[in-house]
Amino acid sequence: MKAIIYCRVSTNKQTQETSLERQEQELTELANQFDFNVINIITEKASGYDIEREGILHILQLFSEKKADCLLIQDETRLGRGNTKIALLHQLNKLNVTIYTVIHNGKLEVSEADSMVLKIVSIVEEYQRQIHNAKIKRGMKRAISKGFHPEKNLSNRNKAPGRDRKVFPIEEVIRLREKELTFEEIAHTLKGLGYNVSKATVHRRYQEYHKT
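### Digging into the sheet that holds strand β1 (residues 2-9)
Thinking step 1. Reading across the sheet, the five strands line up as β2-β1-β3-β4-β5 and stay open at both edges, with mixed pairing between neighbours. Among the strands making up the open sheet, the edge pair consists of β2 (37-45) and β5 (106-107).
Thinking step 2. Pairing between β1 and β2: eight bridges, direction parallel. What sits directly across from lysine 2, in β2, is asparagine 37.
Thinking step 3. In the packing of helix α2 (residues 54-64) onto the sheet, contacts are made with β1, β2 and β3 (70-73), and the angle to β2 comes to roughly 155 degrees.

### Examining the pairing of β3
Thinking step 1. The alternating pattern of β3 places Cys70 and Leu72 on one face and Leu71 and Ile73 on the opposite face, and all of these are buried.
Thinking step 2. Both β1 and β3 contribute to a ladder of three bridges, which runs parallel. Counted as the bridge partner of isoleucine 4 is leucine 71 from β3.
Thinking step 3. Here β3 runs beside strand β4 (residues 98-101); their pairing, made up of four bridges, is parallel. Following the sheet pairing, cysteine 70 is matched in β4 by threonine 98.

### A few points about the pattern of salt bridges
Thinking step 1. Enumeration over the complete set of coordinates arrives at four salt bridges.
Thinking step 2. In this structure, lysine 85 and aspartate 114 form a salt bridge, with 2.8 Å as the shortest nitrogen-oxygen distance. On the criterion of sequence distance, the pair formed by lysine 85 in helix α4 (residues 82-94) and aspartate 114 in helix α5 (residues 112-145) is long-range, its members being 29 residues apart. Residues lysine 85 and aspartate 114 agree in their burial class; the two are buried.
Thinking step 3. Linking glutamate 172 and arginine 175 is a salt bridge whose minimum nitrogen-to-oxygen distance equals 3.1 Å. Residue glutamate 172 and its partner arginine 175 are both found in helix α7 (residues 170-178); the two are separated by three residues, about one turn of the helix.
Thinking step 4. Residue glutamate 172 is classed as buried on the basis of its relative accessible area of 5%.
Thinking step 5. One connected set of salt bridges, linked through shared partners, spans Glu76, Lys85 and Asp114.

Conventions adopted
- Residues numbered from 1 in each chain as written.
- Predicted model: local features only at pLDDT ≥ 70, side-chain atom pairs only at ≥ 80, totals over all residues.
- Heavy atoms only, no water.
- Pairing = 2+ DSSP bridges.
- Helix = DSSP H or I, 4+ residues; strand = E, 2+ residues; numbered from the N terminus.
- Contact = heavy atoms within 4.5 Å.
- Axes fitted to C-alpha atoms, helices over the stretch in contact; angles between N-to-C directions.
- Buried < 20%, exposed > 50% of the residue type's maximum accessible area, 1.4 Å probe, protein only.
- Salt bridge = Lys/Arg side-chain N within 4 Å of Asp/Glu carboxyl O.

Set out below in structure tokens:
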């Protein structure tokens, strides 16, 4: 398995410098014990409550790009503290990353309390996804019931949404507004058809159109 070693201390004190060296040494030994191929060793000095850490962001990018399989840390507090720790554990779990720790001499054993919180976060996230999809379907159904024909009006309905897709047919927004759809319903309708735009963007473009 390809592994990433992550070491963290919270201050720049000399004693903490020694701690970083000790963490790296212990984690290297752990990697050797499990015959892992260490592709990167990341060390940083930052608060565990700070989620915008360069090292952590780099780690998430590497795992997102499938360049490693597991993460090695001294213990879960090196990953983060408080809500930051929960957020990172949740994100790493979504990326199917296995975490190994020195303190457990193997796979991370999440506490019962943290496990419960992670389950709740996953449940809430799933319901948010379902609600989002339901809004898209509702907007589509209402638009169609008002006489809207997406297959005739939106040319890129089969294209996947992306960050750079900011252009959308304002004439269809006008038409849907005339059919008494709200800006939120119009935004959800457009998203379902491949236009990744927010309610605020739809509203702003609508206002700009009427000012011209």
